Amino acid sequence: MTSEADPLTLVLVGPMAAGKTSVGRRVARRLGVAFVDTDKRIVAAHGPIPDIFAEHGEPHFRELERAAVAEALSEGGVISLGGGAVTQADTRDLLKDQPVVFLTVSADAVAGRIRGSNRPLLAGEEDPVERWTKIFEERRRWYAEVASATFDTSRRPMQKIADDIVAWRREQR
Ligand code: S3P
């Protein structure tokens with residue numbers, strides 16, 4: 001057991017539309033700590049993600065993302081990462097020894113969530129759910145590598161999932 005001053009840092013990873021932001025916000029509220037969404041930080045500093053991809057390429061975005069993750073970890077709180085953050089070895093290194101929650105979701109459940117989204121990796125000719133599925137499969141081992149616990153968001157309300165994560169995090173202290 002550590003003291004009440006423990007910042008209760010917690011990192012959320014998982015595929016696009018797994019609910020990292022909605023769950024993360026709720027977990028942070030329950031734990032009484034700050035919530036940081038690294039994508040939002042990047043957008044605030046550098047503009048929309050599709051524009052960053054189009055103008056500077058994905059590797060540049062990944063570097064901005066690694067820096068945003070490092071900054072957020074130095075501050076603590078509940079930190080939600082973009083779905084592709086784990087593809088970078090440098091970013092995965094930052095997550096070693098951190099409590100990392102992997103949010104999973106089924107392709108069926110994700111279909112409604114990604115409709116109309118502006119995620120550059122789901123744009124293009126291919127069916128977005130098929131594309132999402134392929135990307136998730138490619139990355140699954142990295143999520144598993146960094147994760148300390150896994151929760152599925154397909155069927156239960158986000159608040160219930162957040163409650164389970166809060167209970168899990170409190171057990172870790
Ligand atoms: C990406 C996921 C997005 C965002 C960017 C790239 C990815 O975040 O970082 O579009 O590579 O999976 P979400 O996981 O919040 O959609």
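Calculation rules
Residues numbered from 1 in each chain as written. Predicted model: local features only at pLDDT ≥ 70, side-chain atom pairs only at ≥ 80, totals over all residues. Heavy atoms only, no water. Helix = DSSP H or I, 4+ residues; strand = E, 2+ residues; numbered from the N terminus. Rg over C-alpha atoms; globule rule 2.2 N^0.38 Å. Buried < 20%, exposed > 50% of the residue type's maximum accessible area, 1.4 Å probe, protein only. Contact = heavy atoms within 4.5 Å. Areas by Shrake-Rupley, 256 points an atom, 1.4 Å probe, with all protein chains shown as cover. Lys, Arg positive; Asp, Glu negative; His and termini not counted. Charge placed at Lys NZ, Arg CZ, Asp CG, Glu CD. Phe/Tyr/Trp six-rings, centres within 6.5 Å; stacked < 30°, edge-to-face > 60°. Lys NZ or Arg CZ within 6 Å of the ring centre and 35° of its normal. Salt bridge = Lys/Arg side-chain N within 4 Å of Asp/Glu carboxyl O. Core = buried A, V, L, I, M, F, W, Y, C linked by side-chain atoms within 4.5 Å. Axes fitted to C-alpha atoms, helices over the stretch in contact; angles between N-to-C directions. Parallel < 35°, antiparallel > 145°, perpendicular 65-115°, else oblique. Left-handed = near helix turned anticlockwise from the far one by under 90°. Nonpolar A, V, L, I, M, F, W, Y, C, P; charged D, E, K, R; others polar. Pairing = 2+ DSSP bridges.

Trainee: Which residues make up the overall build of the protein chain, and what are the values?
Mentor: Secondary structure summary: the protein chain contains eight helices and five strands in total. Reading the protein chain from its N terminus to its C terminus gives the helix and strand order β-α-β-α-α-α-β-α-β-α-α-β-α. In summary, the protein chain has a C-alpha radius of gyration of 16 Å against a globular reference of 16 Å for 173 residues, a match within 12%. The buried share of the protein chain, reckoned over its 173 residues, is 46%. In the protein chain, of all internal contacts separated by at least 6 residues, the share reaching a separation of at least 24 is 75%. Accessible surface computed for the protein chain: about 8,700 Å², of which carbon and sulfur atoms make up 49%. For the protein chain, the distance from the average position of its 25 positive side-chain charges to the average position of its 26 negative side-chain charges is 6 Å.

Trainee: I'd like a rundown of the packing of aromatic side chains, residues and numbers included.
Mentor: Tallying each qualifying case throughout the model produces six aromatic pairs. Ring centres 5.3 Å apart and planes at 55 degrees place the aromatic pair W132 and F136 in the tilted group. Note that W132 and F136 are positioned in helix α7 (residues 128-146) at a spacing of four residues, about one turn of the helix. Taken as a pair, W132 and F136 share a single burial class, namely buried. We note R140 situated over the ring of F136; from NZ or CZ to the ring centre the distance is 4.2 Å.

Trainee: So, the pattern of salt bridges: which residues are in play, and what are the values?
Mentor: In total, this model carries twelve salt bridges according to the counting rule given. Linking K134 and E126 is a salt bridge whose minimum nitrogen-to-oxygen distance equals 2.6 Å.

Trainee: I'd like a rundown of the environment of V105, residues and numbers included.
Mentor: By secondary structure assignment, the location of V105 is in the loop between β4 (100-104) and α6 (107-114). For V105, a relative accessible area of 5% puts it in the buried group. Each C-alpha atom, one on V105 and one on F151, is 8.7 Å from the other, the two residues being 46 residues apart in sequence. In this structure V105 touches P15, A17, A18, V110, R113, W132, F136, D152, T153 and S154, once residues within four positions along its chain are discounted.

Trainee: Which residues make up the nonpolar core, and what are the values?
Mentor: Generally speaking, nonpolar side chains in soluble globular proteins are found buried as a group. The biggest cluster of nonpolar side chains holds 52 residues, and the ones touching the most others in it are V13, V27, L95, L103 and I165. Among residues more than four places away in sequence, those in contact with V13 are K20, L81, V86, L95, V100, V101, F102, L103, Y143 and V146.

Trainee: Tell me what's going on with the packing of helix α1 (residues 20-31) against helix α8 (residues 158-172), and back it up with residues and numbers.
Mentor: Interaxial distance between α1 and α8 falls to 9 Å at its minimum, and their mutual angle equals 50 degrees. For the element pair α1 / α8, the angle class is oblique. Seen from above, α1 lies across α8 with right-handed handedness. Contacts from S22, V23, R26, V27, R30 and L31 of α1 reach α8 at M158, Q159, I161, A162, D163, I165, V166, R169 and R170. Counted by class, the contact of α1 with α8 contains eight nonpolar, two polar and five charged residues.

Trainee: Provide a residue-level description of unusual backbone geometry, including the pertinent values.
Mentor: With phi around 70 degrees, A17 is a residue other than glycine that occupies positive phi space. Note that A17 resides in the loop between β1 (10-13) and α1.

Trainee: Any details on the side chain of T38? Residues and values, ideally.
Mentor: The topology assignment puts T38 in helix α2 (residues 38-46). When residues no more than four places from it in sequence are discounted, the contact partners of T38 are A68, V69, A72, I79, S80, L81 and G82.

Trainee: How would you explain the pairing of strand β5 (residues 149-152) if you had to name every residue and give the values?
Mentor: With burial as the criterion, only one face of β5 is covered, namely that bearing A149 and F151; the residues T150 and D152 on the opposite face remain uncovered. In this structure, β4 lies alongside β5, joined through four bridges in parallel fashion. Counterpart to F102 in the pairing with β5 is T150.

Purely geometric numbers; function is a separate question.
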